[in-house]
Amino acid sequence: MSGKAAFIWHDNFLKYQFGPTHLFQPIRERYTLDILEDLKIFNKEVKLVEPKPAKESDLLSVHTKEYVDFVKRMCKRGVGYLDMGDTPAVKGLYEGALWVVGGSLCGADLIMKGKVAHAFNPGGGLHHAKSSAASGFCVFNDVAIATRHLQKKYKLHRIAIVDIDGHHGDGTQEIFYEEPILKISFHHYGIFPGTGRVEETGKGVGEGYSVNIPLPPGVDDKNYLDAFEQIVPPLLRRYKPEMILNQFGVDAHYKDPLVGLSLTTTAYYNITRTMHELAHELCYGRLLMLGGGGYELKQVARCWAIAFLTICGVPRECYAHLFDQESPPSSSEYVRKEVRKVVREVKRLYNL
Ligand SMILES: [Zn+2]
Ligand SMILES: [Zn+2]
């Protein structure tokens, strides 16, 4: 079982950068492509596609005009910050942001036009951006902009967003908090941005459509995957999405310097398998994967390459060398108990 797939890349993705010493380095996306090219996976079924930049009107489907003008103005000058101090204004950043947002729109279009079933934009997944504010290295929220695009252009109503970044997908949650767009976020709780409690369930007609799984530090593959399997498949089967967006930030990897979770490549492989199977079961394979966090650059490239190879249906033996050769210590009894407690609470709240 597999569908055609596209990896979306343009050299201009590298313009979405904050300077040589910043933690966020877009070269990790190019490293991912290097791995895929070395494996010679591109052909008629597995495409490498160049997007076009997004238009200002695409940004305005989510962001305010004042905010877009502010970003443009600040990036032209190239000094200061777009937020409280994580996201510097850099010359060319505005243009770079248009390219990475364009990548997510391109993936959505390729899937909806039936050119491919699955698409992966490693430059996307900028889930912290709010409608009128930058945050945590995220300038424009391509996850939300792609969702609006799917609603407007293709009249989709049921779009599911599964966010596995180590940080809470707060921007995406806030933008759709009062809308019946299913948003599921797994994240390390107690670090930036500080939101993502189980009690944040949505508001108005959006009540019950925000789902948060806050995790303690030290969660390993087994405990994470147990939680994931108990929550994601039943929620998606009940929601019956017409399209699945998967924010695939990989900063929950055990070698990542910013997040305290302890996942290995095996977790990313299994998460992707589950998402891929659910997409085929529920919505003709329509799965748009987006990048996100990930600050240990070579690990990021391996995790993303594994995810893309998995949705392409490439046998695991062909890329066994990409998997972690060692693993971090298993979760402590305390962590296991905490995870079980959170899962029980989520299942109770959402009647799973
Ligand atoms: Zn498939
Ligand atoms: Zn993150």
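Quick caveat, the model's predicted, so the values are computed rather than measured. (Residues numbered from 1 in each chain as written. Chains lettered and ligands numbered in written order. Predicted model: local features only at pLDDT ≥ 70, side-chain atom pairs only at ≥ 80, totals over all residues.)

Caption draft 1: Fine view of the overall build of the chain. From N to C terminus, the chain includes 10 helices and 8 strands. Relative to the compact-globule value of 20 Å for 352 residues, the chain shows a C-alpha radius of gyration of 18 Å, a close match. Seen through its C-alpha atoms, the chain measures out along the principal axes to roughly 50 × 45 × 40 Å. At a minimum sequence separation of 6, the contacts of the chain that also span at least 24 residues come to 77%. (Helix = DSSP H or I, 4+ residues; strand = E, 2+ residues; numbered from the N terminus. Rg over C-alpha atoms; globule rule 2.2 N^0.38 Å. Contact = placed C-beta atoms within 7 Å.)

Caption draft 2: Examining the nonpolar core more closely. Of all hydrophobic cores here, the largest spans 112 residues; its most connected members are Val139, Ile244, Leu288 and Phe308. Each residue touching Phe308, except ones within four places of it in the same chain, is listed here: Phe7, Leu36 and Phe120. (Core = buried A, V, L, I, M, F, W, Y, C linked by C-beta atoms within 7 Å. Buried ≥ 20, exposed ≤ 12 C-beta atoms within 10 Å, placed from the backbone.)

Caption draft 3: Fine view of the pairing of strand β8 (residues 287–290). Burial along β8 is two-sided: the residues Leu287 and Met289 and Leu288 and Leu290 are all buried. The parallel pair strand β7 (residues 243–247) and β8 is bridged by helix α8 (residues 265–282), and the resulting crossover is right-handed. (Right-handed = clockwise from strand over helix to strand, strands pointing away.)

Caption draft 4: The arrangement of the packing of helix α1 (residues 27–38) against helix α9 (residues 297–311) in detail. Running from N to C, α1 and α9 cross one another at 50°; their axes reach a closest spacing of 8 Å. Judged by the inter-axis angle, α1 sits oblique to α9. For the crossing formed where α1 meets α9, the hand is right-handed. Between α1 and α9, the residues in contact are Ile27, Arg28, Tyr31, Thr32, Ile35 and Leu36 and Leu297, Lys298, Val300, Ala301, Trp304, Ala305 and Phe308, respectively. (Axes fitted to C-alpha atoms, helices over the stretch in contact; angles between N-to-C directions. Parallel < 35°, antiparallel > 145°, perpendicular 65-115°, else oblique. Left-handed = near helix turned anticlockwise from the far one by under 90°.)

Caption draft 5: Layout of the sheet that holds β7. Strand order in the open sheet made by the 8 strands is β2-β1-β3-β8-β7-β4-β5-β6, with parallel pairing throughout. At either margin of the open sheet sits one strand with a lone partner, and together these are β2 (46–49) and β6 (210–215). Neighbour-to-neighbour, the strand axes of the sheet open up by a mean angle of 15°, direction not taken into account. Sheet analysis places β7 next to β8, joined by 4 bridges and oriented parallel. Each bridged residue has a counterpart across the sheet, and for Ile244 the counterpart in β8 is Leu287. Packing against the sheet, helix α7 (residues 221–239) makes contact with β4 (159–163), β5 (182–188) and β6, and its axis sits at approximately 170° to β5. (Pairing = 2+ DSSP bridges.)

Caption draft 6: Seen up close, the environment of Pro26. With respect to the helices, strands and loops of the structure, Pro26 is situated in the loop between β1 (5–8) and α1. Spatially, the C-alpha atoms of Pro26 and Gly294 are 9.9 Å apart, while their sequence positions differ by 268 residues. Look past the residues within four positions of Pro26 in its chain and what remains in contact with it is Phe13, Leu14, Tyr16, Gln17 and Gly123.

Caption draft 7: A look at unusual backbone geometry. Between Phe192 and the following residue, Pro193, the backbone shows a cis peptide bond with an omega angle of 0°. Mapped onto the elements of the fold, Pro193 is located in the loop between β5 and β6. A positive phi angle, near 55°, is found at Tyr284, a position not held by glycine. Summarising the element assignment, Tyr284 is placed in the loop between α8 and β8. Judged by C-beta crowding, with 14 C-beta atoms within 10 Å, Tyr284 ranks as partly exposed.

Caption draft 8: Quick look at the environment of Gly292. Relative to the helices and strands, Gly292 is located in the loop between β8 and α9. Residues Gly292 and Tyr239, spaced 53 residues apart in sequence, show a C-alpha to C-alpha distance of 24 Å. If near-sequence neighbours (up to four positions away) are discounted, Gly292 is found in contact with Gly125, His127, Asp165, Gln247, Phe248 and Gly249.

Caption draft 9: Up close: helix α10 (residues 333–349). For α10, spanning 17 residues, the distance from its first C-alpha to its last is 24 Å, which sits close to the expected 24 Å at 1.5 Å a residue. For α10, the full list of buried residues reads Glu338, Val339, Val342, Val343 and Val346. Looking straight down α10, one finds that the buried residues subtend no more than 130° of arc, so they occupy a single side. Those residues of α10 that are exposed and aimed more than 90 degrees away from the buried face are Glu333, Tyr334, Lys341, Arg344 and Arg348. On its buried face, α10 sits against β6 and α7. Asn351 sits one or two positions beyond α10 and adopts a positive phi of about 50°. (Expected span 1.5 Å × (residues − 1). Arc of directions from axis to C-beta.)

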